[in-house]
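# Coordinates in review
Spelled out, the chains give:
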Amino acid sequence: GGDFSLPGAAVQEMHADMGSRHNIERFFAYHDPEHPGRGFCDLPTPVVKVYFAMVDFDDATGPPLFVPGSHRRYAREDVPEDDPPESVKAFCPRGSAILMDMRVWHHGTEN
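Summarised in this report is the structure supplied together with it. All values derive from a computational prediction rather than experimental measurement. (Residues numbered from 1 in each chain as written. Predicted model: local features only at pLDDT ≥ 70, side-chain atom pairs only at ≥ 80, totals over all residues. Heavy atoms only, no water.)

## Here's the deal with the overall build of the protein
- Along the backbone of the protein there are one helix and five strands.
- Counting helices and strands in the order they occur from the N terminus, the protein gives α-β-β-β-β-β.
- Oriented by its inertia axes, the alpha-carbon framework of the protein measures out at about 50 × 30 × 20 Å.
- Here the protein holds 111 residues, and 34% of them are scored as buried.
- For the protein, long-range pairs separated by at least 24 residues make up 80% of all intrachain contacts whose partners lie at least 6 apart in sequence.
- Accessible surface for the protein amounts to roughly 7300 Å². Of this, 55% is attributable to carbon and sulfur atoms.
- Within the protein, the 18 negative side-chain charges are centred at a point lying 4 Å from the centre of the 10 positive side-chain charges. (Helix = DSSP H or I, 4+ residues; strand = E, 2+ residues; numbered from the N terminus. Buried < 20%, exposed > 50% of the residue type's maximum accessible area, 1.4 Å probe, protein only. Contact = heavy atoms within 4.5 Å. Areas by Shrake-Rupley, 256 points an atom, 1.4 Å probe, with all protein chains shown as cover. Lys, Arg positive; Asp, Glu negative; His and termini not counted. Charge placed at Lys NZ, Arg CZ, Asp CG, Glu CD.)

Here it is, written out as structure tokens:
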């Protein structure tokens, strides 16, 4: 699979690729006998996604927008509707790779 954005695409809603934090335990069974209160989303990085930029990510092509540190907030806070002030666009040249913890709040920007 993969993500792509065609010319003229509108901005996406903020989301985390792990889905709703309220349903996560139904999809990912995890048991740590040494830490019984630890859940799947408490792991350092349970799932990673890689973006491969096929074009330059600039204002014209609509780079993804990320909320740094939101992977640490995922288990206790709902995804916000509006972009938090610490949000950043991932500008990069084509051929780059962006590694992302799938709990990170993010969205595609318009192009």
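Structure shown, so let's carry the discussion forward.
## A short note on the sheet that holds strand S3 (residues 88-89)
- If you walk across this open sheet you meet the three strands as S3-S2-S5, and the pairing is antiparallel. Because the sheet does not close on itself, it has two edges, and the strands there are S3 and strand S5 (106-108).
- Relative to S3, strand S2 (residues 64-66) runs antiparallel, the two being bridged by two bridges. If you follow Leu65 over to S3, its bridge partner there is Lys89. (Pairing = 2+ DSSP bridges.)

## A short note on the side chain of His106
- Mapping His106 onto the fold places it in strand S5.
- Here the side chain of His106 touches Asp17 through a polar contact of 3.3 Å, side chain to side chain.
- Not counting chain neighbours up to four residues away, the residues in contact with His106 comprise Glu13, Met14, His15, Ala16, Asp17, Lys49, Tyr51, Leu65, Phe66 and Met100. (Polar contact = N/O pair within 3.5 Å; in protein donor to acceptor, adjacent residues only side chain to side chain.)

## Brief notes about the nonpolar core
- Met18, Phe66, Tyr74, Ile98, Met100 and Trp105 are the most contacted members of the largest nonpolar core, which has 21 residues in total.
- Broken down by secondary-structure element, the contributors of at least two residues to this core are S2 and strand S4 (97-101).
- Beyond its immediate stretch of four places on either side in the chain, Ile98 contacts Lys49, Val50, Tyr51, Phe57, Pro64, Phe66, Ala90 and Cys92. (Core = buried A, V, L, I, M, F, W, Y, C linked by side-chain atoms within 4.5 Å.)

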